[in-house]
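Coordinate inspection notes
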Amino acid sequence: MNNIVWKIKSFEEITTSELYEIIKARVDVFVVEQDCPYHDLDGYDQQAIHIWAEEDKNVLAYCRVFNKGIKYPETSIGRVLTTEKARGKSLGKQLIQYAVETIENRFHTSEVRISAQDYLLRFYSGFGFEDTGKKYLEDNIPHTEMFRK
């Protein structure tokens with residue numbers, strides 16, 4: 001885990017190989033591990049800034065961020081994942097830190113809305129996200145909408 005490279009790219013900047021590895025990681029975590037068939041290719045990737053950590057071309061942690069008005073009235077972070085082999089190495093914390101910094105630097109706001117899987121509420125609260133009280137099932141997984149001011 002010492003050759004980790006972090007990348008922040010728009011959709012147009014991502015290479016075909018990088019896109020393949022990103023989609024592979026998303027399917028591995030969300031579809032296979034969480035046993036959740038859903039539409040991963042939702043038409044939003046083209047409007048996102050993609051942030052990920054990779055080692056030897058393999059995606060270890062990933063998320064995408066959006067400017068205001070795309071997913072929510074505020075900026076947002078989604079598709080947050082850490083692959084199985086990369087867990088327990090604080091990559092998730094670095095990932096969210098980079099995501100928040102990217103939003104602050106590119107979109108000039110610190111207001112971020114997310115849809116968090118309930119088991120990660122404490123994790124996100126460590127970054128200033130607060131439970132909005134809006135709870136729902138998304139793909140049969142309990143989620144809570146969280147907001148950061």
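See the structure printed just above.
Throughout what follows, the structure given in this document is the object of discussion.

The rules behind each value
Per-chain numbering applies: the sequence of each chain, read as written, is numbered from 1 onward. Where totals are concerned, whole chains, interfaces and linings use all residues; where local detail is concerned, this predicted model gives features only for residues with pLDDT of at least 70, and gives and counts side-chain atom pairs only at 80 or more. Remark: hydrogens and water are excluded; side-chain values derive from all non-hydrogen atoms of the structure. One requirement defines pairing of two strands: DSSP has to find at least two bridges between them. Numbering of helices and strands runs from the N terminus; a helix is a DSSP stretch of H or I covering at least four residues, while a strand is a stretch of E covering at least two. What counts as an axis is a line fitted to C-alpha atoms, over the stretch in contact for a helix, and the angles between N-to-C directions run from 0 to 180 degrees. Contacts between residues were defined by any pair of non-hydrogen atoms, one from each residue, lying within 4.5 Å. Salt bridges are defined as contacts in which a side-chain nitrogen from Lys or Arg sits within 4 Å of a carboxyl oxygen from Asp or Glu. Burial classes: relative accessible area under 20% of the type maximum marks a residue as buried, over 50% as exposed, and values in between as partly exposed (1.4 Å probe, protein chains only).

Here the focus is the sheet that holds strand E1 (residues 5-10). As summarised here, the arrangement of the 7 strands in space is E1-E2-E3-E4-E5-E7-E6, forming an open sheet in which the pairing is mixed. One side of each edge strand has no neighbouring strand; the edge strands of this open sheet are E1 and strand E6 (130-138). In this sheet, neighbouring strand axes are inclined to one another by 20° on average, regardless of whether the strands run parallel or antiparallel. In terms of strand pairing, strand E3 (residues 58-66) meets strand E4 (residues 75-82) through 5 bridges, oriented antiparallel. Within the sheet, the bridge partner assigned to Tyr62 lies in E4 and is Leu81. Sheet strands in contact with helix H1 (residues 16-33) are E1, strand E2 (49-55), E3, E4 and strand E5 (112-117), and its direction is about 75° off that of E4.

For the rest of this paragraph, the subject is the pattern of salt bridges. Enumeration according to the criterion identifies 17 salt bridges in this entry. In this structure, Arg113 and Glu145 form a salt bridge, with 2.8 Å as the shortest nitrogen-oxygen distance. With Arg113 in strand E5 and Glu145 in strand E7 (residues 141-148), this pair connects stretches of sequence that are 32 residues apart. Judged by relative accessible area, Arg113 falls into the buried class, the value being 15%.

Before going further, it helps to examine unusual backbone geometry. Unusually for a residue other than glycine, Arg79 sits at a positive phi of about 50°. Its place among the elements puts Arg79 in strand E4. Residue classification places Arg79 among the buried positions, given a relative accessible area of 18%. The backbone of Asp139 sits at a positive phi, close to 55°, despite the residue not being glycine.

Time to look at the pairing of E3. Looking along a regular strand, one sees the side chains alternate between the two faces of the sheet. In terms of burial, E3 is largely enclosed, as 8 of its 9 residues are buried. Here E2 pairs with E3 via 7 bridges, running antiparallel. Note on E3: the bridge partner recorded for Glu55 is Asn58. Counting the residues between successive antiparallel strands, the hairpin from E2 to E3 contains 2 residues, one of them, Asp56, with a positive phi of roughly 50°.

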